[in-house]
Amino acid sequence: RNLLTDSGGFQMVSLLKFAEITEEGVQFQSPYNPDETMLLRPEDSIRHQNNIGSDIIMALDDVVSSVTDDDERFTVATYRTLRW
């Protein structure tokens, strides 16, 4: 049996009001404690997936909301994902 894992990119969209996306990764603010944050870097995402024994690993990507009509945002996200 193969294990497929997700990178955390979807959480970037679903928790966008609690997140800041930068070249370094995604800084999430805790929805429970606004003083606590967590940085998810692309290399962290891969390491976590490897640590749980994933066979099929998804790279962290800068996901854009499907309702966004900002072409520049799509361009930035595309090239950031390639760099990550």
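Here goes a summary of the coordinates provided. (Residues numbered from 1 in each chain as written. Predicted model: local features only at pLDDT ≥ 70, side-chain atom pairs only at ≥ 80, totals over all residues. Heavy atoms only, no water.)

**Notes on the pattern of salt bridges**
Which entries qualify depends on this criterion: Should a side-chain nitrogen of Lys or Arg be within 4 Å of a carboxyl oxygen of Asp or Glu, the pair is scored as a salt bridge. Helix and strand assignments come from DSSP, with helices taken as H or I runs of at least 4 residues and strands as E runs of at least 2, each series counted from the N terminus. Each residue's exposure class comes from its accessible area (1.4 Å probe, protein chains only) as a fraction of the maximum for that residue type: buried when under 20%, exposed when over 50%, partly exposed otherwise.
The full count for this structure, using the stated rule, is seven salt bridges. Ionic pairing is found between Glu23 and Arg83, a salt bridge with its closest N-O pair at 2.6 Å. With Glu23 in the loop between strand E2 (19-21) and strand E3 (26-29) and Arg83 in helix H3 (residues 71-83), this residue pair connects regions lying 60 residues apart in the sequence. With relative accessibility at 51%, the residue Arg83 sits in the exposed group. Between Arg41 and Asp44 there is a salt bridge, with its nearest N and O atoms 2.8 Å apart. Residue classification places Asp44 among the buried residues on the basis of a relative accessible area of 7%. Among the charged side chains, a network of salt bridges with common partners joins Glu23, Asp62, Arg73, Arg80 and Arg83.

By themselves, these observations are geometric and do not establish any function.
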